[in-house]
Amino acid sequence: MSRNALISLIVLLVAAPLLPGIALKTKSVLTGRRGAPVLQVYYDLWKLGWKRSVYSATTTWIFRAGPAVMLVSLVAAALFLPLDGRAAPAAFAGDLVAFAALLALGRFALVLAGLDTGSSFEGMGASREVTFATFAEPALFLCLIALVLATGELSLSGMLGAPLAAAWTRAPASLSLVGISLFVLLLVENSRVPADDPATHLELTMIHEVIVLDHGGPDLAVILYSSALKLALFAALVASVFVPRARLGAAASVVALLAALILVSAAVGVVESAMARLRLTRVPQLLAGAGALACFGIVLLLA
Amino acid sequence: MHTAPQVALLFIVLMNFAVLGTSRLSTCIRAVAVQGLLLGVLALLLAPRFSLHTGVLALGTIVVKAVTLPWFLAWAIREAAVRREVEPLVGFNASLLLGVLAVALAFAIAARLPLPGMQQELLVPVSLATVITGFIVLTARRKALTQVVGYLVLENGIYLFGLTQTESMPFLLELGVLLDLFVVVFIMGIVVFHINREFDSLDSARLEELTD
Amino acid sequence: MMLVAAGILLMLVAALTVAALWRRVALSDTAFRLFMVLGCTLGAIPAVRVLSGAAVPDVRLASLVPGGDWVFGIDTLSAVFLLAIFLVGGACALYGVAYAEHDHDRRRAAGAHALLAVLVAALALVVTAQAVVPFLIAWEVMAVAGYLTIISEPERAEVRRGGLLYLVATHTGTLALFAVFAIWGNGARDLTFASLAAHPPASAGVLALVLWLALAGFGVKAGIVPLHFWLPEAHAAAPSHISAIMSGLVIKMGIYGVMRIIALLVAPPVWFGWVLLALGATSGFLGVLWALAQHDLKRLLAFHSVENIGIILLGLGAGVLGVGYGHPVMATLGFAGAALHTFNHALFKSLLFLGAGSVGHATGTRDIERLGGLAKRMPRTAAVFLIGSVAIVGLPPLNGFLSEWLVYRSLFQGGVGTGSARFVVVAAVALALIGGLALACFAKVVAVIFLGNPRDPLAREARESASGITRPMAVLAGACVVTGLAPVLVLPPALRVGSMLARSASRDTMSLVSAANGPVTVFVLALAAGIALAAGIALAWAARRARSSVQPSRTSVETWACAYPVPLTARAQYTASSFAAPVLALFRPVTGVSVRRTAHSFATHAVDPVRTGLVLPAWRGVAQAADRIRRLHRGRISLHLAYVIAVVIVLLVYLIAAGGAS
């Protein structure tokens, strides 16, 4: 594991809570408000850490284990992304499957923890979450397949690292389509508009927020951080596809990573302020559209 | 992969997906309008040499396909007060899947067609894909207006295929554009008028009730 | 080989003992347990040895029956199945003894135990037979023993129906198998597998016929869509440990057959690989979709077996395509993935069925809509069922992830290959879709059964099952965890099986083995690093809080009900059907969910579309045609004599015409 990769990983882990704040700030500024401070998520994490936990009598150990498993799976997934543009801390041929499987593990743990409470709200959120996951997983794999075909590499460090720059000269159209498709996936997986409104207050309209409705105190802090980390992971993925950073020096790649993450969050904020939330039944269609874009990219590569 | 005609052709395929995947009729019309605009631009870009004839053709294509017809269709939507395709015969997810399969099929067929070497290798596959997409929209939708949009997409595909003849812009293209205009105005006007009068709605499935 | 024979013999002794001593319950139970465990352990030893690279000599028995000598032997392919058979068979036998402890009809219980032992012995014989005749004999014994164990409660109509459907389906498959070996053996010297391998079918047409017949015959046993329609009925009707053996082992015999056919062919054709890939994707997708619609726990698990057969076929398809297109790495990985998934599925599917049996035993119902909150009342069952669920969804770090990863890896390997093999990679999308649906299905199952509040008094009064029931489950769960966390134990044997089927050079295999070990170690290290990080954060936090005056957590509150004045009842929870409804709505045309709606009621009912749409109408058509033909049989002797004379005259005319022509 190179020193640069380790530093990039630490930067990602520390800077992850910054990203939802930037997205919210962008959205507020564009809609004419001042909005919460950019560091708001850090303040929330600190505040929640000091609160007392309240657990329902219906819950079992699965409720307490859910946030921890989610955090662990996300951190493990982060180990496979080449954040410095060259090589990830952990890499082997076929690790893209491990990346997707770890995200699925986090989702499974969170869904079970939500259903442990025996409340209808969590059941509703869990049901919607797995419905979207049914189309989101194939869409993610379509994007990864396109990257495999474009670069000829089987590891995320290869697909998002140096060979990607060469692939851009050969197949820019396919890679742009893959990048757009990944951005749509980012919006859906991280419960952003147009898939889900993170600022809604009505439980009946929430998806991700309502699965964790009964978590409080330090558990909620872990979940808040995990959501920010998931956003950071997807943002790093999108940024790596659009801007390969293989040729930069050590310090420059860290700065570039940070700048890319901030840019993607700002883009998320722009999209959130420009669009309204879709009807629930249209979100699978949105994912099918993203999948169709990635499919078209694959057809162009195979032709 | 970054010449202007190739980008235009890629956007035409994206517009096909847009027509297949959306239920809002205004979005369908806007997508067909963008397609028409791209077709006119393509006619200009692919012409071997620029002449008055080419310029007039391109301009006419843009005016008809990108301005007139969409405006007319939008008027028809307002008249009939219909905004969405609510229950198509084939669902939107399935239509998108069919559209992707159409693109793959078009590329596979185009690779096997005995065509002489062409400058634009994307032209034939994209035109085939657009024709098939037009067919899908024609057969998979209920509302008469959406079916007209499908017919326009089909015509756009045929127009694209005509562009492969780079020797001269054939008479075919001009006839095609005029045919578009004629067909759309004539048929749609009659159909909209009559359906609206008979049923107070534009659901073409209800044409089945016109039996003895 | 002698050890395996000894193991089988011990199992038959167990059967005889329990049948003879059925009156003295304690003695017969203990003797049965002892002989079964001993037999399974003895039989498993040579399997493990073969899997770690040793070779075991064959046993040849000269036979008086035509068809050549009877050869028995263990190669790497047999060893994988053998290990699964003994491990799962032993666990289910122990479970069965504890399950029937309180059964009043001791004679029936003893008979069931004996038949189980015969079934496991027959399974072991099927995979060790290296000649056609013993193979088919063992196959038939297995089929009949399976039928007899399924109908252990024949007074229930659904049990009789399930058993009959199973019997008819398996015998139709056996008929196809007879045809396969008859056609193939025509050109061979004798009917041993070695000579069949030396004389492959001459022409491509004959080869295609043989392969399609083999797919039909073995496909009925394996449960490939659309030949799966007998599976859910039979598996739901049988007692849980028998369902575990059926789903975990018996349907794998169909897979074993297909893999044996591939092993006997030097050059399997490319179209066969594409067919396997297509069948795998279809079975996987439809299987899990139909599983999602069920709310009978055992039918759900049975449909899920169809899905896993689909995944195995995807691996086999990738392997055959790798051989056909000349990509040995892809072929090895594909076959290895298929073999490992077979073993893993035997482990975790039988674990899940045993868990379903425990739940059914404790609550008296299989309908998950009436359960809930069982994690508090049956903690051990809940824990092992959760382990089985995580394994079957294919989540790290358990064994399901390993075998699915191997299949993915082989598909992606095709993607970086050349030529038509690149199109294989699109099958990875099917696998991803299947995985997503499996996650939804098992989130629903675990949540509705074990979490939340009990929906019915049956669930409220459930108590944990006896240790005789939970201990075999714990053994299987432990095997899942161990094989998941220590891939270095299972990956080299899997790759050995893969390279045997792919006929790739041992040099390639060894490089793959070392290449596969490195990554998995890295992966486990990554997971450990993630856990260490999380633990570090938690420790730091806890340390700070211990020093401060934050109050400890409260644990006796009601779940938040949005300020509703009355606490949430069990009816407020999401039901299984509601949870699955949005996912099913995405694929409405193929889910087979029928909705019955009246003015004051609403009911959904899950049916098997193949059974109601294809098989039953076809059967009705056959019955109608048979009725019409029956009119030819009036029972009058003069009419039958007239038929005989007519046929003789026709044959004479044909002979004269053919003789005249030649």
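Now for a description of the structure that goes with this document. (Residues numbered from 1 in each chain as written. Chains lettered and ligands numbered in written order. Predicted model: local features only at pLDDT ≥ 70, side-chain atom pairs only at ≥ 80, totals over all residues.)

Moving on: the overall build of chain A. Along chain A, the regular secondary structure elements total 13 helices and 1 strand. The N-to-C order of helical and strand elements in chain A reads α-α-α-β-α-α-α-α-α-α-α-α-α-α. Its C-alpha atoms give chain A a radius of gyration of 19 Å, near enough to 19 Å, the size a compact globule of 303 residues would have. Taken along its principal axes, the extent of the C-alpha atoms in chain A is 55 × 45 × 40 Å. (Helix = DSSP H or I, 4+ residues; strand = E, 2+ residues; numbered from the N terminus. Rg over C-alpha atoms; globule rule 2.2 N^0.38 Å.)

Contact residues are listed per partner, giving 60 residues for chain A and 65 residues for chain C. The set of elements that each furnish at least two residues to the side of chain A that touches chain C consists of strand E1 (54–56), helix H4 (61–78), helix H5 (95–115), helix H6 (120–151) and helix H13 (283–302) of chain A. With 17 residues, the single largest contributor to the side of chain A that touches chain C is H6 of chain A. In terms of residue class, the side of chain A that touches chain C is built from 39 nonpolar, 15 polar and 6 charged. When E1 of chain A meets strand E3 (residues 554–557) of chain C, the two strands line up parallel, connected through 2 bridges. Paired with Ser-56 of chain A across the two strands is Val-557 of chain C, which belongs to E3 of chain C. (Contact = placed C-beta atoms within 7 Å. Nonpolar A, V, L, I, M, F, W, Y, C, P; charged D, E, K, R; others polar. Pairing = 2+ DSSP bridges.)

To continue, consider the packing of helix H1 (residues 3–15) of chain A against helix H12 (residues 250–274) of chain A. Residue and element names in this part refer to chain A. Two numbers describe how H1 lies on H12: the axes approach to 10 Å, and their chain directions differ by 25°. As judged from the angle between their axes, H1 and H12 are roughly parallel. The interaxial crossing formed by H1 with H12 has right-handed handedness. Residues Asn-4, Ile-7, Ser-8, Val-11 and Ala-15 of H1 form the contact with H12, whose participating residues are Ala-250, Ser-253, Val-254, Leu-257, Leu-258 and Leu-261. (Axes fitted to C-alpha atoms, helices over the stretch in contact; angles between N-to-C directions. Parallel < 35°, antiparallel > 145°, perpendicular 65-115°, else oblique. Left-handed = near helix turned anticlockwise from the far one by under 90°.)

Turning our attention to the interface of chain B and chain A. Contacts between the two partners involve 14 residues from chain B, matched on the other side by 12 residues from chain A. With 8 residues, helix H4 (residues 92–112) of chain B is the largest single contributor of residues to the side of chain B that touches chain A. Broken down by class, the residue content of the side of chain B that touches chain A amounts to 10 nonpolar, 4 polar and no charged.

Counted at 1.5 Å a residue, the expected span for H4 of chain B with its 21 residues is 30 Å, and the 30 Å between its end C-alpha atoms agrees. Within H4 of chain B, burial applies to Phe-92, Ser-95, Leu-96, Gly-99, Val-100, Ala-102, Val-103, Ala-104 and Ala-106 of chain B. For H4 of chain B, the elements touching its buried residues are H13 of chain A together with helix H1 (4–21) and helix H5 (123–140) of chain B. (Expected span 1.5 Å × (residues − 1). Buried ≥ 20, exposed ≤ 12 C-beta atoms within 10 Å, placed from the backbone.)

All right, on to unusual backbone geometry then. Cis peptide bonds are those with omega within 30 degrees of zero, and the linkage from Val-193 of chain A to Pro-194 of chain A qualifies with 5°. Omega for the bond connecting Val-225 of chain C with Pro-226 of chain C falls within 30 degrees of zero, at 5°, which places this linkage in the cis form. Position of Pro-226 of chain C among the secondary structure elements: in the loop between helix H8 (204–222) and helix H9 (230–237). Positive phi is not limited to glycine here, since Ser-191 of chain A has a value of about 55°.

Between its first and last C-alpha atoms H5 of chain A spans 30 Å; for 21 residues at 1.5 Å apiece the expected length is 30 Å, and the two agree. Burial of H5 of chain A is extensive: 20 of the 21 residues sit out of reach of the surface.

This next bit is on the environment of Pro-396 of chain C. Positionally, Pro-396 of chain C belongs in the loop between helix H15 (379–393) and helix H16 (399–415). Residues Pro-396 of chain C and Gly-324 of chain C, spaced 72 residues apart in sequence, show a C-alpha to C-alpha distance of 32 Å. Not counting chain neighbours up to four residues away, the residues in contact with Pro-396 of chain C comprise Ala-98, Ala-101, Leu-102 and Leu-105 of chain A together with Phe-401 and Leu-527 of chain C.

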